[in-house]
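# Observations on chain architecture
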Amino acid sequence: MGTKRVGVLTGGGDCPGLNAVLRAVGVYCLRNGVEVIGFYDGFLGVMENRYCKLDKKAFAGIVSEGGTILGTSNRDNPFAWAPHAAIARGEKGTDQSDHVVALMKELELDGLIVIGGDGSLNIANRLHSEKGVPCVGVPKTIDNDLSGTDVTFGFDTAVQIATEAIDRLHTTGSSHHRCMVLEVMGRYAGWIALHAGVAGEADVILLPEFAYKPELIFEKIQKRGQNGSRYSIVVVAEGAKPVGGQLTVARTVAGSHDAIRLGGLATTMAMDIENATGIESRAVVLGHLQRGGAPSSRDRLLGTQFGYLAGQLAIEGKWGFMPAARGAGFDLIPLAEAIGTMKLVQPNDPLVSAARAVGTIFGDE
Ligand code: F6P
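Before going into details, it helps to say that this report is about the structure given with it.

Inspection of the region around the ligand gives 11 residues, with Asp143, Met185, Glu238, His288 and Arg291 positioned closest. Residue Arg291 places a side-chain N or O atom 2.8 Å away from an oxygen atom belonging to the ligand. Against a free-state accessible area of 400 Å², the protein chains account for coverage of 77% of the ligand. Of the residues belonging to the shell around the ligand, the class tally is 2 nonpolar, 4 polar and 5 charged.

On to the packing of aromatic side chains. In total, this model carries 5 aromatic pairs according to the counting rule given. Here Phe210 and Phe362 contribute two aromatic rings whose centre-to-centre distance is 5.7 Å and whose plane-to-plane angle is 75°, an arrangement assigned as edge-to-face. Within this pair, whereas Phe210 is found in the loop between β7 (204-206) and α8 (214-226), its partner Phe362 is found in the segment after α12 (350-357), the two being separated by 152 residues in sequence. Phe362 carries the same exposure label as Phe210, and that label is buried.

Side chains of Tyr188, Met342 and Leu344 sit close together on the surface and give an oily, nonpolar patch of about 270 Å² of accessible area. Looking at the element boundaries, Tyr188 is found in the loop between β6 (179-184) and α7 (191-199). With a relative accessible area of 47%, Tyr188 lands in the partly exposed category.

Turning next to the side chain of Thr152. Structurally, Thr152 is set in the loop between β5 (135-139) and α6 (155-176). Judged by its relative accessible area of 1%, Thr152 is buried. Within the local environment of Thr152, its side chain forms a polar contact with the backbone oxygen of Thr141, the two atoms lying 2.6 Å apart. Apart from residues no more than four positions distant in its own chain, Thr152 is found in contact with Pro139, Lys140, Thr141, Asn144, Leu146, Asp299 and Leu302.

Looking at where Leu247 falls in the secondary structure, it is placed in the loop between β8 (232-237) and β9 (249-252). Sequence spacing of Leu247 and Asp41 is 206 residues, and the spatial spacing of their C-alpha atoms is 30 Å. Setting aside anything within four residues of it in sequence, one finds Leu247 in contact with Gly239, Lys241 and Leu262.

A few words now on the sheet that holds strand β1 (residues 5-10). Strand order across the open sheet formed by 5 strands is β3-β2-β1-β4-β5, with mixed pairing between neighbours. At either margin of the open sheet sits one strand with a lone partner, and together these are β3 (51-54) and β5. Adjacent strand axes in the sheet meet at a mean angle of 25°, parallel and antiparallel pairs treated alike. Bridge analysis of β1 against strand β2 (residues 35-39) gives 4 bridges, and the strand direction is parallel. Within β2, the position partnered with Gly7 by the bridge is Ile37. Its contacts with the sheet put helix α10 (residues 297-315) on β1, β4 (111-116) and β5, and the angle it makes with β5 is roughly 170°.

Here helix α1 (residues 18-31) crosses α10 at 35°, and the two axes come no closer than 7 Å. Once α1 is placed against α10, the crossing between them reads as right-handed. Contacts between α1 and α10 involve Ala20, Val21, Ala24, Val25, Tyr28 and Cys29 from the first element and Arg300, Gly303, Thr304, Gly307, Tyr308, Ala310, Gly311, Gln312 and Ile315 from the second. Looking at the contact of α1 with α10 residue by residue, the class counts come to 9 nonpolar, 5 polar and 1 charged.

What follows concerns the nonpolar core. In this structure, Val8, Ile113, Ile115 and Phe153 are the most contacted members of the largest nonpolar core, which totals 60 residues. When residues of this core are assigned to their parent elements, the largest contribution, 7 residues, is made by α6. One finds Val46, Ile333, Leu335 and Ala338 within the second-largest nonpolar core, a separate group that totals 29 residues.

Considering all chains together, one arrives at 19 salt bridges under this definition. Glu316 is paired through a salt bridge with Lys318; the nearest N and O atoms lie 3.1 Å apart. The partly exposed category is assigned to Lys318, whose relative accessible area is 42%. Connected via shared salt-bridge partners are Arg5, Glu35 and Lys53.

Conventions adopted
- Residues numbered from 1 in each chain as written.
- Predicted model: local features only at pLDDT ≥ 70, side-chain atom pairs only at ≥ 80, totals over all residues.
- Heavy atoms only, no water.
- Near = heavy atom within 4 Å.
- Polar contact = N/O pair within 3.5 Å; in protein donor to acceptor, adjacent residues only side chain to side chain.
- Areas by Shrake-Rupley, 256 points an atom, 1.4 Å probe, with all protein chains shown as cover.
- Nonpolar A, V, L, I, M, F, W, Y, C, P; charged D, E, K, R; others polar.
- Phe/Tyr/Trp six-rings, centres within 6.5 Å; stacked < 30°, edge-to-face > 60°.
- Helix = DSSP H or I, 4+ residues; strand = E, 2+ residues; numbered from the N terminus.
- Buried < 20%, exposed > 50% of the residue type's maximum accessible area, 1.4 Å probe, protein only.
- Patch = residues over 30% accessible without salt bridge, like charges linked within 9 Å, V, L, I, M, F, W, Y side chains within 5 Å.
- Salt bridge = Lys/Arg side-chain N within 4 Å of Asp/Glu carboxyl O.
- Contact = heavy atoms within 4.5 Å.
- Pairing = 2+ DSSP bridges.
- Axes fitted to C-alpha atoms, helices over the stretch in contact; angles between N-to-C directions.
- Left-handed = near helix turned anticlockwise from the far one by under 90°.
- Core = buried A, V, L, I, M, F, W, Y, C linked by side-chain atoms within 4.5 Å.

Structure below.
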């Protein structure tokens, strides 16, 4: 018996290109006679039985839209689940993954397509391997830190937006002879900071992977001033930290999917630079601007290809796999291989070498 009906959901932080994936999955399945049920708000919709049948109209004209037409949520895990109100009261979640099994049966779903980052793909893998729920994954994160795939959609858009922000900081920084410090996303991996920093000709780039020595940053900016460069650009990933130092935490929120919310490094760094060098400095936090809005054409193309391949896996009943970008093409890899290890910036990354070669410092040497 072939696949007749599949479920689809988007989980974790939203990401430009999600709707391109949904459209490709949806339209390709429908064209092959497979019905598509969309769950609202990721696994939250699964646990709360919130879903709808998607027809061709639902997917029309959505490729250019940011966000996800299905909505998403970051913290809802069927293996450790409790209603949000209970979590707010401090209650712990319990394993309610049997609900997913029962709902799949009730809705007569042959499988579930999970479009998400490491957290959602981990849930998909557990549902597949421990509970026998047929799952296909699609890798998603603007941070580009999933080890299973060369690249994820959303990253290109984020880099483009961050680069444009740096370009704008150049003109105001140069007019006022200031040091401009831009903070971009990147909790564990500094890919956005690295790519946008190099594309935007940053003088200093700070990454979570390379602990920095503040004095090297001050020295670089001071020297630039002495050499006649009257402004400087510093790009920091939110997760960068000094040698032997701590992460810059904006706030801690008990019961949240990310109890430690990062943020504020640009502000402290700008203050420290100004105090140490006497050069007036300003901080800008790009925040969710780099995640919202229309996807770049590259992310639309990548999303469409991932969506098509995921749809194909589902139609052919090849569960437990995920499409991954490899070189100029794509591979299909087991879900278990897609999760767990993060793809981090390595000291020998060609872009790191190129950046150092043109005088950019990472504050580490
Ligand atoms: O997708 C990961 C990420 O982009 C991190 O770099 C960042 O810390 C996080 O999302 C913020 O997401 P949210 O505000 O949705 O929790």
